[in-house]
Amino acid sequence: MAKATDVKKFTGTPGQIRRQRIEQSGAIVIILLMSVWMLANLIKAPEQFVQVAISGLRNGLIYALIALGYTLVYGIIELINFAHGDLFMLSAIFSSFFITYWIGADQSNPKGWLAFASCLVAVMIFGAVVNVLIERLAYRRLRKAPRLAPLITAVGMSFLLNFIGLKWNGSTPRQWPTVIPSGDIYIGEIRISLITLWLFLIGLPLLLALNYLVTNTKQGKAMRATSQDKDASTLMGINVNKTIAFTFALGGAMAGAAGLLYQQSIGTTSYNLGFQLGLIAFTSAVLGGIGNLWGAVVGGLLIGLIQGLNDGLPYAFGQQWSQSVVFTILIIILVFRPAGLLGKAVTEKV
Amino acid sequence: MSAMLEVKNIQVAYGKIIAVKDVSVTVNQGEIVTLIGSNGAGKSTTLRTISGLIKPKSGEITFNGKRIDGMPGHEIVGMGICHAPEGRRIFPRMTVKENLELGAFLRNNKGEVAADMAKVLDLFPRLKERIDQRAGTMSGGEQQMLAVSRALMGDPKLLLLDEPSMGLAPVLVELIFDTIVKIRQQGVTILLIEQNATAALDVADRAYVLESGKVKISGSAKELSADDKVTKAYLGH
């Protein structure tokens, strides 16, 4: 594999070769600068470095879960589902009401843990059902329409969900109790909150399960086939409509889980959550290479990490620059690698 | 002989453009039937309609006595109609093996699928060499072999082949047609579309000549090869 890419590098017209050289040297300069920056911080405050890196990765995990929904849907019908961030927001509100009002749990005790566990199942079903309904009612009939029509519909759907969130949550942010064991544990001088551990204990298996489903099951194979050629998939006996609905269900379930994990770790919900986190998660998906599952995960974790480092390290731009840093990274990556970190432009014979 | 597939007076349109005006085709058990005609005559559209990729505006299609027009495409595959479509339409980012496995998507008997896989790889030994290669990186001829093999993996009663010789070198064209005859010997009924009318009439039992969405002439392949109008228009001599 490595050899093949070595050979491929620096071939083509003089212009292409120059571009490849610039890409490569640009990447090296960026990686060097980042290393110097991180090393300086690591020397100045080692414990703090590890701590902010872990909390960054924690946020990154939530970005990754949401980004998967963008990337799954894009992968299969080439639609950027702008409503996906708002689905995450509704899931966070759903989780809050489910745990606090419907079950009535408000602290970390067996009742609270049970509420959390049942909420995980319920909110994943909630996310899946809402996402499937959106596809069924709005996107399916536009599948053969010009590209712009489903895109605008997705924007409209985003507003619709936003307003449902506004009615449900109210216009001001709401605080909610955490029902999973919080507190901190120490490894040496490094403080890690228990909630972070919980997030990884739930989020990572979800990612692995999703990956298994897509790469190793018959349904996953149908998804990959459908993403490449819908008519040919039909001729194989694949129910294309069902496969697309299933993909939306998977993305929705991931957004649902992300909603619960966010609500329990941050403890606040607001109706415009979907816009902020949705945009960052979308950025993660593009950064990793949209349509690529591991790309979404890597992109999410990376953005979370960089954001965490930037917000918490002594030599950094600081929290007020957080968003600017994220989107600057996006722009730089897109200039040098338009297909994203793990995305690759495939050569196909026609 | 009993009619396996009966297409009766179908009319098919893409939006306002009528691609097939009035086509009736019968395919009997065990036959090779070919549809010939120039570009835009409605051959591919007829096949796509049989497979359920498009719904006809009028007319009916029966397969072994059961109406299949209007049925969703994936269910038609389940009845035993497999289609190697125009332009090959293999899954480029999957390996040859994965493509073949997808051809058997609806089949659950793993033993039979494995046996059929061995059978098609015998038919096209070239594919065996490329089994783990990404299908999109293969040559056109290899892709065509894959498209035909993939359709065979569905264990078809009726195999629809849309221009299997398109864009291939003469040696490969010969190989493909030899294989078509072999496939029929294994008990598969074949409906074949071809621009290469000479080769098609050579292997076929019966033929239909389509022109601007209508059946112009039909008859046994021998009769048509001898027919003046056909030879002038489609055989080029």
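Residues numbered from 1 in each chain as written. Chains lettered and ligands numbered in written order. Predicted model: local features only at pLDDT ≥ 70, side-chain atom pairs only at ≥ 80, totals over all residues.

> Lay out the overall build of chain A in plain terms, naming residues and giving numbers.
When helices and strands are tallied, chain A shows 13 helices and four strands. Relative to a compact globule of 350 residues, whose C-alpha radius of gyration would be 20 Å, chain A shows 21 Å and is just as compact. With the C-alpha coordinates aligned to their principal axes, the bounding extent of chain A is approximately 65 × 60 × 35 Å. Looking at chain A residue by residue over its 350 residues, the buried ones come to 43%. Expressed as a percentage of contacts within chain A between residues at least 6 apart in sequence, the contacts between residues at least 24 apart total 77%. (Helix = DSSP H or I, 4+ residues; strand = E, 2+ residues; numbered from the N terminus. Rg over C-alpha atoms; globule rule 2.2 N^0.38 Å. Buried ≥ 20, exposed ≤ 12 C-beta atoms within 10 Å, placed from the backbone. Contact = placed C-beta atoms within 7 Å.)

> Please provide a residue-by-residue account of the overall build of chain B, values included.
From N to C terminus, chain B includes 10 helices and 10 strands. Its C-alpha atoms give chain B a radius of gyration of 17 Å, within 12% of the compact-globule value 18 Å for 237 residues. Taking all 237 residues of chain B together, 47% fall into the buried category. Sequence separation of at least 24 residues holds for 65% of the intrachain contacts in chain B that already meet a minimum separation of 6.

> Break down the nonpolar core for me, citing the residues and quoting the values.
Leu-65, Ile-66, Met-254, Ala-257 and Ala-258 of chain A together with Leu-160 of chain B are the most contacted members of the largest nonpolar core, which has 162 residues in total. Considering every element that reaches this core, the biggest residue donor is helix α3 (residues 46-77) of chain A, with 17 residues. Excluding anything up to four places from it in sequence, Ala-257 of chain A contacts Leu-65, Leu-120, Val-123, Met-124 and Leu-206 of chain A. (Core = buried A, V, L, I, M, F, W, Y, C linked by C-beta atoms within 7 Å.)

> Can you tell me about unusual backbone geometry, naming the residues and giving the values?
Glycine aside, residues mostly have negative phi angles, and peptide bonds mostly take the trans form. All names here are of chain B. Phi angles above zero are rare outside glycine, and Asn-9 is one such case at about 45 degrees. Under the C-beta neighbour-count criterion, Asn-9 is labelled partly exposed, with 13 such atoms within 10 Å. Phi at Ser-212 takes a positive value of approximately 30 degrees, unusual for a residue other than glycine. Judged by local crowding, Ser-212 falls into the partly exposed class, with 14 C-beta atoms found within 10 Å.

> Please set out the pairing of strand β2 (residues 17-28) of chain B residue by residue, giving values where relevant.
On a regular strand, each side chain points to the face opposite its neighbour's, so the side chains alternate between the two faces of the sheet. Residues and elements named next belong to chain B. Pairing analysis gives eight bridges linking strand β1 (residues 3-14) to β2, with the strands arranged antiparallel. By the bridge assignment, Tyr-14 is partnered in β2 with Ile-17. Once β1 ends, the chain turns through two residues before running back antiparallel as β2, passing Gly-15 with a positive phi of about 60 degrees. (Pairing = 2+ DSSP bridges.)

> Give me the lowdown on the packing of α3 of chain A against helix α4 (residues 84-103) of chain A, citing residues and values where you can.
Residue and element names in this part refer to chain A. In contact at an axis separation of 10 Å, α3 and α4 are set at 140 degrees when each is read in the N-to-C sense. Our classification of the angle between α3 and α4 gives oblique. Viewed along their axes, α3 and α4 form a crossing whose handedness is right-handed. Contacts between α3 and α4 pair Ile-66, Gly-69 and Tyr-70 from the former with His-84, Gly-85 and Phe-88 from the latter. Here the contact of α3 with α4 is composed, by residue class, of three nonpolar, three polar and no charged. (Axes fitted to C-alpha atoms, helices over the stretch in contact; angles between N-to-C directions. Parallel < 35°, antiparallel > 145°, perpendicular 65-115°, else oblique. Left-handed = near helix turned anticlockwise from the far one by under 90°. Nonpolar A, V, L, I, M, F, W, Y, C, P; charged D, E, K, R; others polar.)

> Would you mind going over the confidence of the model for chain B in detail, with residue names and values included?
Low-pLDDT stretches of the model should not have their predicted coordinates read in fine detail. Averaged over every residue, the pLDDT of chain B is 92; residues scoring 70 or more account for 98%. At the level of chain-chain contacts, confidence expressed as ipTM amounts to 0.93, with global pTM at 0.89. (pLDDT = per-residue confidence, 0-100.)

> Could you give an account of the environment of Ile-28 of chain A, naming the residues involved and the relevant values?
All names here are of chain A. Looking at where Ile-28 falls in the secondary structure, it is placed in helix α2 (residues 14-44). With 10 C-beta atoms packed within 10 Å, Ile-28 lands in the exposed category. Sequence separation between Ile-28 and Gln-16 is 12 residues, and the spatial gap between their C-alpha atoms is 18 Å.

> So what's going on with the interface of chain B and chain A? Residues and values would help.
Between chain B and chain A, the contact holds 20 residues from the first and 16 residues from the second. Considering each element in turn, the side of chain B that touches chain A owes the most residues, four residues, to helix α2 (residues 73-78) of chain B. The residue inventory of the side of chain B that touches chain A, partitioned by class, reads nine nonpolar, nine polar and two charged.

> Can you break down the environment of Ile-66 of chain A residue by residue, with the values?
All names here are of chain A. Within the secondary structure, Ile-66 sits in helix α3. Given 31 C-beta atoms within a 10 Å radius, Ile-66 is considered buried. On a C-alpha basis, the gap between Ile-66 and Val-29 in space is 31 Å, while along the polypeptide they are 37 residues apart. The contact partners of Ile-66, leaving out residues within four places of it in the chain, are His-84, Gly-85, Phe-88, Ala-255, Ala-258, Leu-277, Gly-278 and Ala-281.

> Which residues make up the packing of α4 of chain A against helix α6 (residues 148-169) of chain A, and what are the values?
Packed helices, taken two at a time, are described by the angle their axes make and the gap between the axes. Residues and elements named next belong to chain A. Packing of α4 against α6 leaves a shortest axis separation of 9 Å and a crossing angle of 20 degrees. By the angle class used here, α4 and α6 are roughly parallel. Crossing of α4 against α6: the hand is left-handed. For the pair α4 and α6, contact is made by Asp-86, Leu-87, Met-89, Leu-90 and Ile-93 and by Ser-158, Leu-161, Asn-162, Ile-164, Gly-165, Trp-168 and Asn-169, respectively. For the contact of α4 with α6, the per-class residue count stands at seven nonpolar, four polar and one charged.

> Explain the pairing of strand β10 (residues 214-220) of chain B to me, and be specific about the residues and the numbers.
Residue and element names in this part refer to chain B. Pairing geometry for strand β9 (residues 206-211) and β10, over six bridges, is antiparallel. If you follow Arg-206 over to β10, its bridge partner there is Ser-220. What sits between the antiparallel neighbours β9 and β10 is a turn of two residues, in which Ser-212 has the positive phi angle 30 degrees.

> I'd like a description of the environment of Gly-289 of chain A, backed by residues and values.
Residue and element names in this part refer to chain A. Along the chain, Gly-289 turns up in the loop between α11 (273-288) and α12 (293-312). C-alpha of Gly-289 to C-alpha of Ala-138: the two residues are 151 residues apart in sequence and 26 Å apart in space. Not counting residues up to four positions away in its chain, the partners in contact with Gly-289 are Gly-295, Ala-339, Gly-340, Leu-341, Leu-342 and Gly-343.

> Let's hear about helix α4 (residues 110-123) of chain B: which residues, and what values?
Between the first and last C-alpha of α4 of chain B there are 20 Å, a value that for 14 residues agrees with the 20 Å anticipated at 1.5 Å per step. Residues of α4 of chain B that are buried in the fold lie against α3 (96-103) and α6 (140-152) of chain B. (Expected span 1.5 Å × (residues − 1).)

> Requested: an account of the confidence of the model for chain A, with residues and values cited.
On average, chain A scores 89 in pLDDT, and the residues at 70 or more come to 95%. Confidence drops under a pLDDT of 50 for residues 1-7 of chain A, and excluding neighbours within four residues, the segment shows zero contacts in the predicted structure.

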